[in-house]
Amino acid sequence: MPLALLALAVGAFGIGTTEFVMMGLLPDVADDLRISIPGAGHLVSAYALGVVVGAPLLAAATARLSRRRVLIALMALFVAGNALSALAPDYDWLLAARFLSGLPHGAFFGVGAVVATGLVAPDRKARSVSLMFLGLTVANVAGVPVATLMGQHLGWRATFLGVSAIGLAAIVALALLIPHERTHTPASGLRGELAALRSLPVWLALGTTVAGFGALFAAYSYITPMLTGAAGYADSSVTLLLALFGVGATVGNLLGGRLADHAMRRTLFGGLVSLAVVLAVFPLLMRTGWSAGLAVVLLGVAAFVTGSPLQLMVMEKASAAPSLASSANQAAFNLANAGGAWIGGLALAAGFGVTSPALAGAGLALLGLAVAAVAHLVDVRRAAPAAGRERVVATHLLDRPGALHH
């Protein structure tokens, strides 16, 4: 695998760290800025909104530019957003800075996925995407716990300064390792980029992302009360268990990339089925400490097996605008984050028990499987007429003596 993938992974590591670290810093931020915990929670939503807004818009607006320059510019915007977060004098400033930090997230992964797949042979595309995403999953293992500890001991502002330093390191790595594009085909403009997203297969692929990862976040958003309320873990043990989730996500990400290069559709179906099963048995696994830890790892594996095949599938379905489609998939991922947490919260509010969000997630995983199955049927039906036309042309040529010699 090319060394350039390391530069993409460094950027992904910084983005993953800043995305998830806010959850652990909410009490510190709320106390320092004299706001409520729910008010501080809006800082998480502001980042996610920035991802949803920025992913398609920035990808489309930069379609005519060199992808190498786009990646460096996006990471510079990321550094600026986190630096402004560290310097925020009040809540409104921090809210705006978190939104700004989220803007380059989706476009970076979207453009980065296109660059990653262009660096390798066709039979290694999924693995190249999984190696870029490796930075995101490793952030959950190392980046988020270290950044959280830094914030607790040095202040939350130090955390965002540290993340800014990671972003600067990523800029240097991108400048040194990402190759210059020898040729760049002019894009068709914003209208042409958006037109590539009008096809039904693209929207079915995006719908699979929303439902599939919504299943993850329906459960993961409430994993702490499950571990403390059902499995009996102390609050101090949750950070270690969340690191175990990151380990599982890293394994699932690498496994999914390798399997998807051999059978992308079957890897996607298998991942969604596995996710539904893991979430369905979650209430049973939460009854003892050791099985709860196993459940956390399995959740990470099953969820992230689908990451690379979904990213690659969206790019293939919108081949005329791969950067935009890939970025739109990152927006779909964050919609899944918000939607899954909302659905899991409904299950809790309805009084179905502390582990009920996992069962709600199992239902979403089955919905994602159904959407993926519909997408497969649409592909089969669209491919049938084309195959029929090829057979007709071949038969016509064989029926004409000497036709094949012209």
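This text goes with the structure placed above it.
Residues numbered from 1 in each chain as written. Predicted model: local features only at pLDDT ≥ 70, side-chain atom pairs only at ≥ 80, totals over all residues. Heavy atoms only, no water.

A. Representation of the packing of helix α8 (residues 200-220) against helix α14 (residues 307-317) within the structure. Viewed as axis vectors pointing N to C, α8 and α14 meet at an angle of 160 degrees, and their least axial separation amounts to 8 Å. For the element pair α8 / α14, the angle class is roughly antiparallel. Relative to α14, α8 is oriented so that their crossing is left-handed. Facing α8, whose interface residues are Pro201, Val202, Ala205, Leu206, Thr208, Thr209 and Phe213, α14 presents Gly307, Leu310, Met313, Val314 and Lys317. For the contact of α8 with α14, the per-class residue count stands at 8 nonpolar, 3 polar and 1 charged. (Axes fitted to C-alpha atoms, helices over the stretch in contact; angles between N-to-C directions. Helix = DSSP H or I, 4+ residues; strand = E, 2+ residues; numbered from the N terminus. Parallel < 35°, antiparallel > 145°, perpendicular 65-115°, else oblique. Left-handed = near helix turned anticlockwise from the far one by under 90°. Contact = heavy atoms within 4.5 Å. Nonpolar A, V, L, I, M, F, W, Y, C, P; charged D, E, K, R; others polar.)

B. Structural detail: the nonpolar core. Counting 93 residues, the largest nonpolar core has Leu8, Leu216, Phe282 and Met286 as its most contacted members. At 10 residues, the largest contribution of residues to this core is made by α8. Sequence-distant contacts of leucine 216, defined by excluding residues within four places in its chain, comprise Phe245, Leu299, Ala303 and Phe304. (Core = buried A, V, L, I, M, F, W, Y, C linked by side-chain atoms within 4.5 Å. Buried < 20%, exposed > 50% of the residue type's maximum accessible area, 1.4 Å probe, protein only.)

C. Representation of helix α5 (residues 125-154) within the structure. Along its 30 residues, α5 runs 41 Å from first to last C-alpha, staying within 8% of the 44 Å computed at 1.5 Å per residue. The first or second residue beyond α5 is glycine 155, which carries a positive phi of 100 degrees. (Expected span 1.5 Å × (residues − 1).)

D. Structural detail: the environment of alanine 219. Along the polypeptide, alanine 219 turns up in helix α8. Not counting chain neighbours up to four residues away, the residues in contact with alanine 219 comprise Met226, Leu279, Pro357 and Ala358.

E. A look at empty space enclosed by the protein. Taken as a whole and assessed by the stated rule, the structure comprises 2 cavities of 30 Å³ or more. Put simply, the largest cavity is a space of about 160 Å³. Every residue lining the largest cavity is counted, 16 residues in all, and those nearest its centre are Phe133, Phe213, Gly307, Gln330 and Phe333. When residues of the lining of the largest cavity are traced back to their parent elements, those giving at least two are α5, α8, α14 and α15 (322-349). Ranked by residues supplied to the lining of the largest cavity, first place goes to α14 with 4 residues. Taken together, the residues of the lining of the largest cavity sort by class into 6 nonpolar, 9 polar and 1 charged. When its volume is computed, the second largest cavity comes out at roughly 50 Å³. If you trace the second largest cavity, you find it lined by Phe20, Asn140, Leu216, Phe217, Tyr220, Phe245, Phe304 and Phe333. (1 Å grid on protein atoms, 1.4 Å probe; cavity = no way out; pocket = protein on both sides within 12 Å on 5 of 7 lines; lining within 4 Å. Points joined across faces, edges and corners; volume = space filled by probe spheres on them.)

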